[in-house]
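# Fold and geometry: a report
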Amino acid sequence: MLVATPSHKAIDYSASENLDSLIASALSQEPSIGANFRRYDIEVDSNFTRTVYRVPVHPAFSKTMFHYSLHQTLSKLKIESPAKVLFPERDMNIYIYDNGTIRSTIRLITTEPKQESE
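Residue numbers restart at each chain and count upward from 1, following the sequence in its written direction. Reporting of local features is limited, given that this is a predicted model, to residues whose pLDDT is at least 70; pairs of side-chain atoms are given and counted only at 80 or more, and all residues count toward the totals for whole chains, interfaces and linings. The side-chain quantities take in all heavy atoms of the structure and omit both hydrogens and water.

## Points about the pairing of strand 3 (residues 83-86)
Here is the rule we go by: Here the rule is simple: two strands pair whenever DSSP picks up at least two bridges between them. The way it works is that DSSP assigns letters per residue, a run of H or I at least four long becomes a helix, a run of E at least two long becomes a strand, and they are numbered from the N terminus.
Sheet topology note: the strand 3/strand 4 (residues 91-98) ladder contains four bridges and is antiparallel. For Ala83, the partnering residue across the bridge sits in strand 4 and is Ile94. If you look at the hairpin formed by strand 3 and strand 4, you'll find four residues sitting between the two strands, and Arg90 has a positive phi there, around 65°.

Encoded structure:
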C-alpha cells in the first residue's frame, strides 16, 4: 500500500502580508479595540512600504499589557517589538522589527471619553 502525504510548508510570518494579518488579528481579538483601528501604508522608498496601525484606546486601557501579550506572540517568531511611550499624551508606539527592519508600527492613541451634555 502506497500512501502519500503533502509536504509540510511552514508559514513565513516575516512576509509582510502574514505579519499584517497577525497584527490585525491581535488587535481584533482585544475586546476594547475590536475593529476600531485604521490601517494605512507609508511608502518608505520605491521598493518598500511600512504599515501603520492607528488605534484609539480609552485612557483606562492597559497599553503595557497589550504590548506584553503581542510581544510574547511575536517573539516566538523571532520578531522584535520594542515600544516607546510618548509623554504627556501617554500614547504608545510599538515598532515591529523583522531582520532589523521596521515592518509595521502600532500607534496606541489615548482618547478622552466623550463628555455628556447636560
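That shown, we press on.
## A few points about the sheet that holds strand 4
Here is the rule: Here the axes come from fitting lines to C-alpha atoms, over the contacting stretch only for helices, and the angles between their N-to-C directions go from 0 to 180 degrees. Residue contacts are counted whenever heavy atoms from the two residues lie within 4.5 Å of one another.
Across the sheet, five strands lie side by side as 1-2-5-4-3; this open sheet has mixed pairing. In this open sheet, the two edge strands, each paired with only one partner strand, are strand 1 (38-45) and strand 3. The average angle at which neighbouring strand axes cross in this sheet is 20°, direction not considered. By the bridge criterion, seven bridges tie strand 1 to strand 2 (residues 48-57) in an arrangement that is antiparallel. By the bridge assignment for strand 2, Ile42 is matched with Arg50. Contacts from helix 2 (residues 63-75) reach strand 2, strand 3, strand 4 and strand 5 (101-110), with the element oriented near 5° to strand 4.

## So, the packing of aromatic side chains
Stated formally: Stacked, tilted and edge-to-face are the three classes applied to pairs of Phe, Tyr and Trp rings, where Trp contributes its six-membered ring and a pair requires centres within 6.5 Å; stacked means planes under 30 degrees apart, edge-to-face means over 60, and tilted covers the rest. Between buried and exposed lies partly exposed: a residue is buried under 20% and exposed over 50% of the maximum accessible area for its type, with that area taken using a 1.4 Å probe on protein chains only.
Taken as a whole and judged by the stated rule, the model has two aromatic pairs. Seen from their ring centres, Phe37 and Tyr53 are 6.1 Å apart, and the 55° between their planes marks the pair as tilted. Placement of the pair is Phe37 in the loop between helix 1 (16-29) and strand 1 and Tyr53 in strand 2, with a sequence separation of 16 residues. By relative accessible area, Phe37 is classed as partly exposed at 22%. Taking 6.2 Å as the distance between ring centres and 45° as the angle between the ring planes, the aromatic pair formed by Phe61 and Phe66 counts as tilted. The buried category is assigned to Phe61, whose relative accessible area is 11%. Judged by relative accessible area, Phe66 falls into the buried class, the value being 6%.

## Here we look at the confidence of the model for the chain
Stated precisely, the cut-off is as follows: Known as pLDDT, the predictor's per-residue confidence is scaled from 0 to 100.
For the chain, the average pLDDT comes to 86, and 81% of its residues sit at 70 or higher. Model confidence for the chain, summarised as mean pLDDT per element, is weakest for helix 1 at 87 and strongest for strand 3 at 96.

## Considering the nonpolar core
The condition is simple: Take the buried residues of types Ala, Val, Leu, Ile, Met, Phe, Trp, Tyr and Cys, join any two whose side-chain atoms come within 4.5 Å, and each joined set is a nonpolar core.
Formed by 18 residues in total, the largest nonpolar core has its most connected members in Leu27, Val55, Phe66, Ile94, Ile96, Ile106 and Leu108. Elements with a minimum of two residues in this core: helix 1, strand 2, helix 2, strand 4 and strand 5. With four residues, the top contributor of residues to this core is helix 1. Leave out the neighbours within four places in its chain, and Phe66 touches Ala26, Leu27, Glu30, Ile33, Phe61, Ile94 and Leu108.

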